[in-house]
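# Structural features, examined
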Amino acid sequence: MDSEQRRKRKRIYRPYSRAQFLSIRSLIFCLSFLVFLLFLSTDRFPIRTVCFHPVLSVPSFSILSKSSLQDSFHGKLRLPLRVEDRVLFPDHLLLLVSSKIDQADKLDCVYYKVLNDSSEVIEESKDKVIVHQGVMSIGEYDGFRSIVRCPLPPLNYSATVALRRRGDGLYYNRSLRSNQTVHSWDRMVHQAALDGKTAVVFVKGLNLRPHKDSDPTQFRCQFGLRNWDKDEGFVLMTEAIAAAQEVVRCSLPRSIRNNPEKAQGIRVTVVHAGGSDAEYEPMTSAVRIHNSRSYEHRRRRRRRRSQKRHKENLPMLSVAKLYNSKSYQKKRKRGKYELCACTMLWNQAPALQEWIMYHAWLGVERWFIYENNSDDGIQEVIDELDFQDYNVSRHTWPWIKTQEAGFSHCALRARNECKWVGFFDVDEFYYFPRHHRRALLGQNLLRSLVANYSSSRTIAEIRTACHSFGPSGLSSPPSQGVTVGYTCRLQSPERHKSIVCPDLLNDTLLNVVHHFQLRKGFRYLNVPESSVIINHYKYQVWDTFRAKFFRRVATYVLDWQENQNQGSKDRAPGLGTEANEPPNWRLQFCEVWDTSLRDFVLANFADPATGGLPWEKALL
């Protein structure tokens, strides 16, 4: 009887025991998951590597806000925003964020007040020490990171700016404790790219001789997974094999060379073997305190301290990372494009469609647009061109006064896709006067020209002279575009622009905007003006032209506000240094009336019924 009761008791309590076991196991699992999240959110357990194998680094998590948790429950994963680097420009603060950002997100820049006279920020999340403003713009960068532009910090507020999604509660970002460095745009390594068994590193602030090669033995490249300046992560050093202007080329470490597909997120910098660390002194987070005596005192103290350590070869501050981007490395299955074009621009979106549609008709097949901090809706214009089957790609290039470096980067990027690449601006248009005079068809003429030299064993660059056009009596931008509206120019040609073979460039990638340095044994060809000319619409109506006073993109060309070299051809003769419209501006730079390209465009592009041009709607 007792044994039968025990069997009944077992049958009764067995389901309950199993349920109890499951509930205990679930509780343990939940607690383990919470401990794991706590481990990820802390800065006390840095993960170090003992050998050089690129790994995925998990960003430090800040405290999740209520709205972030609600979005996660509704199926939308919103990771905390982690600012990797900050770069101070003259008119804004650039933040590099470790992940892509949804363009629909409404973000605020969070500014922290400086603690007394130190450069440390106040950590307490109180309204009296925190200010937030809306971001200026958001964009993708290098396919893996995002860039966010913030207004300059208010006086006595730190440049160590954080990000938050609008509606989230104010909090102190824990990553600020380990990363309060603010880079200066003119003293840093800003970009790096893989090129075969080498890394090409783009540096601002080396102050090398313009237009000449430099001694590469002065430099080393340093590769690491984390912040080597704080003794974190693994570091490897290699020799530089070429250097010129703002570009240093180094051999890759063997571990990367043997596994280039794993070279994701490796930070790169340059070490000047013969320089002083005073040249590359990090900026404090309190860089915005212009009138603070304590700031000046700290700056002088750091300079004296750095001079004592001048023999140490410290790496330059860097935001550059290696990414083995498939879009850069792949080759076309059907062979390379015969002719591509590359340009760098700032707020010239209205001019882009005319420039691309016209030169596509002449035979350009692929376009690389290096956008330099534009805020005029350029992405919408590029999207429209893509919709019309123009092969256009936008590359965000936020680094100012670096046009030569940008062109070097573009030459690398285009090498696997293009036989020839033209480097010219959106106000410059190729024209074939001989064919027009003979009433010959002009379609694909430019591509045919370069194709004649694709198999040449000596020609690697084709140079074309430029005619500079003036306002031509206009006071407002021409409704049908620059090729139709501006018809009066200077008599003599100025400068030239080039189309180059990227496979035959010198390893330094040295260029002076107008042309590149070629490999030994190759030369350039000057095309006769009677065959090909470039119409350069340089001096447009005043409202358009005065934008040049904001900033010149070229490294070695002075901004027009600077009172130096005012007789240079890069300036408008007699204009001076202030953006004040001179008398009779609309009639200046007019020596020869030249309607040749206007007539050519109207004959080949205008709609027979309406007379309209395909790019007119973009100019309205």
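Residues numbered from 1 in each chain as written. Predicted model: local features only at pLDDT ≥ 70, side-chain atom pairs only at ≥ 80, totals over all residues. Heavy atoms only, no water.

## Comments concerning the overall build of the protein chain
A tally of helices and strands in the protein chain yields 14 helices and 26 strands. The buried share among the 620 residues of the protein chain stands at 50%. Sequence separation of 24 or more characterises 76% of the internal contacts of the protein chain that already satisfy a separation of 6 or more. Of the accessible surface of the protein chain, which amounts to about 30,800 Å², a share of 51% is contributed by carbon and sulfur atoms. (Helix = DSSP H or I, 4+ residues; strand = E, 2+ residues; numbered from the N terminus. Buried < 20%, exposed > 50% of the residue type's maximum accessible area, 1.4 Å probe, protein only. Contact = heavy atoms within 4.5 Å. Areas by Shrake-Rupley, 256 points an atom, 1.4 Å probe, with all protein chains shown as cover.)

## Quick notes on the sheet that holds strand E1 (residues 83-88)
Strand pairing in a sheet relies on backbone hydrogen bonds. The paired strands run either parallel or antiparallel. One open sheet accounts for five strands, arranged E5-E6-E2-E1-E8; its pairing is mixed. Unpaired on one side and paired on the other, strand E5 (137-141) and strand E8 (183-184) mark the two borders of the sheet. With five bridges joining them, E1 and strand E2 (residues 93-97) adopt antiparallel strand pairing. The partner of Asp85 across the bridge, within E2, is Leu96. (Pairing = 2+ DSSP bridges.)

## Points about the packing of aromatic side chains
Between two aromatic rings, the relevant description is the distance of the centres plus the angle of the planes. Scanning the entire structure with this criterion turns up 25 aromatic pairs. When the centroid spacing of 5.2 Å and the interplanar angle of 80 degrees are considered together, the rings of Phe424 and Tyr430 count as edge-to-face. The two residues Phe424 and Tyr430 agree in class, both being buried. The structure contains a cluster of three or more aromatic residues connected by ring pairs, namely Tyr358, Trp361, Phe429, Tyr431, Phe469, Tyr486, Tyr537, Phe600, Phe605 and Trp615. Positioned over the ring face of Tyr524 is Arg463, at 3.5 Å from the centre of the ring. (Phe/Tyr/Trp six-rings, centres within 6.5 Å; stacked < 30°, edge-to-face > 60°. Lys NZ or Arg CZ within 6 Å of the ring centre and 35° of its normal.)

## A few points about the nonpolar core
Core analysis: the largest hydrophobic core is formed by 91 residues, its most contacted members being Leu352, Trp355, Tyr358, Trp399, Phe423 and Leu446. Once you skip the residues sitting within four places of it in the chain, Phe423 turns out to touch Cys342, Phe407, Cys410, Ala411, Lys497, Ser498, Val500 and Phe516. In terms of nonpolar packing, the next biggest core, distinct from the first, is built from 25 residues, Leu194, Cys250, Val268 and Leu322 among them. (Core = buried A, V, L, I, M, F, W, Y, C linked by side-chain atoms within 4.5 Å.)

## Quick word on the environment of Val319
Inspection of the secondary structure puts Val319 in the loop between helix H4 (293-308) and strand E15 (321-322). Ignoring any residue separated from it by four or fewer positions in sequence, one finds Val319 in contact with Asp85, Val87, Leu96, Arg145, His183, Met188, Val189, His190, Arg267 and Trp399.

## A few points about a negative patch on the surface
Where like charges cluster on the molecular surface, the negative patch consists of Glu380, Asp383, Asp386 and Asp389. Summarising the element assignment, Asp389 is placed in the loop between helix H7 (378-387) and strand E18 (392-396). (Patch = residues over 30% accessible without salt bridge, like charges linked within 9 Å, V, L, I, M, F, W, Y side chains within 5 Å. Salt bridge = Lys/Arg side-chain N within 4 Å of Asp/Glu carboxyl O. Lys, Arg positive; Asp, Glu negative; His and termini not counted. Charge placed at Lys NZ, Arg CZ, Asp CG, Glu CD.)

## As for the confidence of the model for the protein chain
Averaged over the protein chain, the pLDDT score is 78; the fraction of residues at 70 or greater is 69%. Within the model, the stretch residues 8-19 combines pLDDT values under 50 with zero contacts to residues more than four positions away or in other chains. Segment residues 306-311 is flagged for pLDDT under 50; beyond a separation of four residues in sequence, or across chains, it makes seven contacts in the model. (pLDDT = per-residue confidence, 0-100.)

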